[in-house]
Amino acid sequence: MTGTPLAQDLFAGIAVADFTHSLAWYRRFFGVEPSFYPNDVEAVWTVGEHCYVYIELLPDRAGRSMLMIMAVDLDSTVAGLTQRGLEPLRIENYEEGMRKMVYADPDGNEISYGGVSTTATGPASATS
């Protein structure tokens, strides 16, 4: 893309089948309460400047989402997830220390953190 960016904000949505169950899981995943609730079936977390991840009760679409957040400090982020009892579904290693840590929510949606890692945390399932 060239020229002026087209967006000023990004909202990445994840469809879930059971709002209450998923809300508890995402609270653990992010380690904080949602930033706001637009209504009774959505919760939104601020994950960066003008960047938001939200869950929404949409049972017919649940389990098909994939998104990745580039972490400021991947190792600290993963350590926090581990302390909160979450382990990655898989780990992908790339050149120059880049890693992608893939987690699955209760519906099977994949939400990942990526970034440079200085530690080896678990076996790699994919190498590029």
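Computed from a predicted structure; not experimentally measured. (Residues numbered from 1 in each chain as written. Predicted model: local features only at pLDDT ≥ 70, side-chain atom pairs only at ≥ 80, totals over all residues. Heavy atoms only, no water.)

> Can you lay out the environment of glutamate 110 for me, pointing to particular residues and giving the numbers?
With respect to the helices and strands, glutamate 110 occurs in strand β8 (residues 110–116). The spatial distance from the C-alpha of glutamate 110 to the C-alpha of isoleucine 14 is 9.2 Å, given a sequence separation of 96 residues. Those residues in contact with glutamate 110 that lie beyond four places of it in its chain are Ser65, Met66, Leu67, Leu89, Arg90, Val102 and Tyr103. (Helix = DSSP H or I, 4+ residues; strand = E, 2+ residues; numbered from the N terminus. Contact = heavy atoms within 4.5 Å.)

> Tell me what's going on with unusual backbone geometry, and back it up with residues and numbers.
In this structure, histidine 50 is a non-glycine residue whose phi angle is positive, near 65°. For histidine 50, the position within the fold is in the loop between β3 (42–48) and β4 (51–57). Here the phi dihedral of glutamate 96 falls at roughly 60°; this positive angle occurs in a residue that is not glycine. Structurally, glutamate 96 can be placed in the loop between β6 (90–93) and β7 (98–104).

> I'd like a description of the pattern of salt bridges, backed by residues and values.
Taken as a whole and assessed by the stated rule, the structure comprises three salt bridges. Arginine 90 is paired through a salt bridge with glutamate 110; the nearest N and O atoms lie 3.0 Å apart. Of this pair, arginine 90 sits in strand β6 while glutamate 110 sits in strand β8, placing them 20 residues apart in sequence. Among the charged side chains, a salt-bridge network with shared partners connects Arg90, Glu92 and Glu110. (Salt bridge = Lys/Arg side-chain N within 4 Å of Asp/Glu carboxyl O.)

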